[in-house]
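In case you want the letters, here they are:
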Amino acid sequence: MDSDDRLYGEKFIRELTENVQGVFFRGFFDKQYTILRIDGAIFELTGYTKEELISGKVISFLDIIHPEDRKWLRTKRQDQIDNRLPIINEYRIIGKQGRIRWVRETVSAQHDEIHGKIVLEGLVQDVTLNKTNAFMSNAFTSFQNAVNNGSIVSITDRKGIIIFVNENFCKVSKYGRQELVGKDHIIVNSAYHTKAFFADLWQTLLKGDIWRGQIRNKAKDGSIYWVDTVITPVMNDSGEVDQFLTISNLITEQKENEYALLESEALNRSVLKSLQTNIAILDETGLIVKVNENWTDLSSAAQVSNLLRTDVGINYFDVVNEAISKGDNYALTMKEGIRKVLNNEMDFFEMEYPCHVADKERWFLAHVSKFENDIKRIIISHFDISHRKYQEEVLRKSESRLMQAQRIATLGNWELNMQTNALYWSDENFEIYELDKSKVSATYDAMLSRIHPDDRPDLGTNYRAALENKTKFEHTHRLLFEDGRTKYVNQQCEFVYDEQGKPLQAFGTTQDITRQKLADQALEKQRLRYKNVVENISDGLIIDNKEGKVIFANQQFLDMVGIEESDLENFVFVDYVASEFKDVITDRHNRRMLGEEVSTIFQYAGVRKDGAKRWFEARVTKIMENGKIAGTQSAIRDITEEKASIDLLKASEAEKTKLLNELTKRYNELMQFNYIVSHNLRAPIANLLGLAEVFEMPSLEEDERQKIIGHIRFSIEKIDDLIQDLNIILAARSDINSKKELVDFEEIVHSVKQTLEKQISETNTHITTHIDFGADKIFSIKSYIKSSLYNLISNAIKYRSPDRVPTIDISIERDDNFYTIKVKDNGTGIDLQKYGKEVFGLYKRFHLTVEGKGLGLNMTKAQIEALGGSIDIVSAPDKGTTFIITIPVQQGE
Amino acid sequence: MEKIKVDLAYIIDDDEVIIYLTGLINKDVEFCDKMLSFTDSGEALTKIKTALELNLELPSLILIDLNMPVMNGWTFLDELSKLKIGKDIPVFIFSSSINQEDINRSKKYKIVKDYIIKPLTVNKINKILRTI
């Protein structure tokens, strides 16, 4: 068809339908009924402009067709096109405001070769009014029927004011007719429905549509009645809604039932919701018909494809089968379980399965059961058992650790119920008895079969004795195996008794001590081998096992620590070690047993049983058995006396050192004396010699001779002075070992003053003495104090200032630790900056004007230091000098 | 025997007796033209320094005691050794000490010609003069 033809065809239809009210359109018979052309009059019909509709710009033609009419309309049109039938259909279209209009289409179909589509062309006419009229005629028939067959009928005006009610209305509402007519229909409102409910009702009605619904009304006496209601708008001649016809049927009973059902369902729903369980209900085909909220939450949270990724409408078996195809064995088990429950082979089925998510291990328990009363429904629930699983895992791990510990310690445990004789053995117990857990059950006979026949009587006797005496049972015996091997086991058990003293239960352990036993035997073998040697050497010998228990000690050792052989049973080595050595010894033993190299020789203080402390030297070596450390062998020697003599030796060495020091000191003193003789004593003698020589010179005149004699006398006096000094020095030196005594300080000062009486009086020196309280007597060496004071006082006089009357202040003070003696003068003083270091040096003199030997201060320093004290000087030129002697106060003084 | 004589001799000794005795001996044997005596060696050192500065007469012989207060003989020798003196001044230790240590120590000084044990006698003076 070319465009001319098309134009012609359109024109033809237009002309043909010139007087027909309607909207011409042209469009494709495609999915959206795409409009190619349409009259502007479509606006009146739909509220959409032609521009909005053409090409589906804003809305497609399909969209304005009432949803209920879309499906049948398409089918019908297709059928009409296919069969070349006239395309005439009546359907509803929905306008812009939601207004529904009935339209009739009269359309022809052409094939558009250009687009390869079918083109529809024709008219759409508004037939709403016709439809309503037709409806009305139907309604009238309904009305008549309703009135006749007991329905509740009312007619209201468009505002809801009642115009007419039938007999049934009055009967049900319990109002009289005159009470109703002229009133608002609201009179029977039960205030039950929401505003939205009525808004919807009115909107529908005012649009001209029929409303149908269930309304809860209230009768005059307040009783409630439910009606199933159809309200039909009645239009006047001009097509406006004028009145409403309401036809209702009473449904109270039905509604009540429904409510009861709803309530119970709500209850069930909330119960199901509150459960932490995820529940799904399946029909017999496996279709999920209902799930609770938890299930929904869980299945949406599940990230992997698994049994939980399910929702209503999904067939559970599909999910399960999918999982099976992926090799999920849990799914297979689940499927089988559900099938069995469905076929009444099982009442219920349970399965635990993992459903781990990224950060968490999750476990679920799936429970499958049937509805009661033969209803073909399956309930599947999933409980989150992750926590329980975790606990189980912890328990399992701790059990496995226990098992491992038992294996390491070759320690099995067993329990015997003494009422039922039921015996439980741990896995390790089976191991020890070398019985196969899967073949042999733990029985008394099984155990007995393994016990060495020779050991059975003793074991039985001991066991019964322990049971009777209500004591702990402990017994070591052998096991004998088919191949002739034996094992040593240590059995221990405790019994639980009831109030009557009847034994209820025994809890026991079995420990394989073969290795230990063999090791002990090896040690014992060693002992026997060397028995003779062992008992005849002077050292103590002990052998201890790996655990540090002494399993052998010779008589010498017993004597050393003062115990009897019978004490050896309960002997703990460290109990006989001084506390400061206990840890060291334990540590040494443990390290040695671990294979560490530990020094062989070790001295320690031991404590005998009688409490006496002795010194011991132990030489320890490892005992090896089959390449393994089995224990130690120690030779122990009492070194108390030896140590004492070493101490003595050390003490005598100290004495020697002291002596040597003394000798050195003496030597130094001798050198000092030598120095004095060679320098000081030699000087005046040399002068005498020289003077003697010149005295004989013939040229010498008489007055010169007199002078020489004067010099000779002076030199002789000098020699005398020196000899006196030396006497003092030697006297002091000889006193070096004198005993200290209580020295009266005042008496000493007095004596020194007497010695120096001549000098004091000649120089008119004033001497004051101050003795502090408690310092009048010093515990010291008298000659030292005296010579020191002599030197200091004579020095002070010697170095007096020519400008002042010489004064000397002598004082002594005492505090807790020291005596302080001060000798202060107002003499010439010494420039300490210049000579400080040399003040106490031997034969140092600092003055040209004064006779001096430089001996006194050096000697004083030596003596004060010999007393453990020190001497110090404070002085400045022309400012006098103060000597300060500090001597420590003797302990207990 | 030809008579030997020096121009200027320093006698350093804190002992006045020695100074006196040396004077007496010089009167007798006249071993020097002029004799300056010091009881303080520091004073003697200052004198030498002054002489060096002012180009005055330096001693041709120094007799010095060891054991003196303030500045002893050793210190004097140390100080004198440090001075830059154009001519060689012979120094003789002149001590009452018969201590071998002192004698050994004196030999370490280049300027010390000999160690003379007191008393000073005419013979010993002659020996000194011969050494010079």
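Caption draft 1: Spatial organisation of the interface of chain A and chain B. Every contact between the two is made by 28 residues of chain A and, on the other side, 26 residues of chain B. Summing both partners gives a buried area of about 2300 Å² for chain A against chain B, and 59% of it is carried by carbon and sulfur. The interface formed by chain A and chain B holds 1 salt bridge in total. For B:K27, the salt bridge identified is with A:E704, shortest N-O distance 3.5 Å. Here chain A and chain B share 4 residue pairs in polar contact (both at pLDDT 80 or more) between them. Counting residues per element, the side of chain A that touches chain B draws most heavily on helix α22 (residues 640-695) of chain A, at 12 residues.

Caption draft 2: Seen up close, the sheet that holds strand β10 (residues 241-250) of chain A. All names here are of chain A. Taken in spatial order, the 5 strands line up as β7-β6-β10-β9-β8 in an open sheet, and their pairing is antiparallel. Each edge of the open sheet is held by one strand with a lone partner, namely β7 (162-165) and β8 (211-218). Each strand axis lies, on average, 30 degrees off the axis of its neighbour in the sheet, ignoring direction. Direction of pairing for β8 relative to strand β9 (residues 224-235): antiparallel, over a ladder of 8 bridges. Considered in β9, the bridge of K218 is made with I224. Where helix α9 (residues 195-206) meets the sheet, its contacts fall on β8, β9 and β10, and the angle it forms with β8 comes to roughly 135 degrees.

Caption draft 3: Molecular detail of the layout of surface pockets. All names here are of chain A. The volume enclosed by the second largest pocket comes to roughly 700 Å³. Surrounding the second largest pocket, 23 residues form its lining, T514, R515, Q516, A519 and K546 being those nearest its centre. Ranked by residue count, the leading element in the lining of the second largest pocket is helix α18 (residues 514-529), at 9 residues. Here the lining of the second largest pocket is built from residues that sort into 8 nonpolar, 7 polar and 8 charged.

Caption draft 4: Focus on the packing of helix α12 (residues 316-325) of chain A against helix α13 (residues 329-342) of chain A. All names here are of chain A. Relative orientation of the contacting elements α12 and α13 amounts to 145 degrees, with a least axis distance of 8 Å. Where α12 crosses over α13, the handedness of that crossing is left-handed. Within the contact between the two elements, α12 uses Y316, F317, V320, N321, A323 and I324 and α13 uses A331, L332, M334, K335, I338 and L342. A per-class count over the contact of α12 with α13 returns 10 nonpolar, 1 polar and 1 charged.

Caption draft 5: Highlighting the packing of aromatic side chains. This model, assessed by the stated rule, comprises 23 aromatic pairs over all chains. Note on A:W202 and A:F244: the rings are 5.5 Å apart at their centroids and 80 degrees apart in plane angle, and the pair reads as edge-to-face. Placement of A:W202 in helix α9 and of A:F244 in strand β10 is noted, with a sequence separation of 42 residues between them. For the ring pair A:W425 and A:F430, a centre distance of 5.1 Å and an interplane angle of 70 degrees mean the geometry is edge-to-face. By the burial criterion, A:W425 is buried, and A:F430 matches it. Joined through ring pairs, the aromatic side chains of A:F557, A:F571, A:F573, A:Y576, A:F581, A:F602, A:Y604, A:W615 and A:F616 make up one cluster. One residue, A:R485, lies across the ring of A:F481, its end atom 4.8 Å from the ring centre. Here the guanidinium or amino end of B:K118 rests over the ring plane of B:F94, the centre of that ring lying 5.5 Å away.

Rules and cut-offs
Residues numbered from 1 in each chain as written. Chains lettered and ligands numbered in written order. Predicted model: local features only at pLDDT ≥ 70, side-chain atom pairs only at ≥ 80, totals over all residues. Heavy atoms only, no water. Contact = heavy atoms within 4.5 Å. Buried area = accessible area lost by both parts, 1.4 Å probe. Salt bridge = Lys/Arg side-chain N within 4 Å of Asp/Glu carboxyl O. Polar contact = N/O pair within 3.5 Å; in protein donor to acceptor, adjacent residues only side chain to side chain. Helix = DSSP H or I, 4+ residues; strand = E, 2+ residues; numbered from the N terminus. Pairing = 2+ DSSP bridges. Axes fitted to C-alpha atoms, helices over the stretch in contact; angles between N-to-C directions. 1 Å grid on protein atoms, 1.4 Å probe; cavity = no way out; pocket = protein on both sides within 12 Å on 5 of 7 lines; lining within 4 Å. Points joined across faces, edges and corners; volume = space filled by probe spheres on them. Nonpolar A, V, L, I, M, F, W, Y, C, P; charged D, E, K, R; others polar. Left-handed = near helix turned anticlockwise from the far one by under 90°. Phe/Tyr/Trp six-rings, centres within 6.5 Å; stacked < 30°, edge-to-face > 60°. Buried < 20%, exposed > 50% of the residue type's maximum accessible area, 1.4 Å probe, protein only. Lys NZ or Arg CZ within 6 Å of the ring centre and 35° of its normal.

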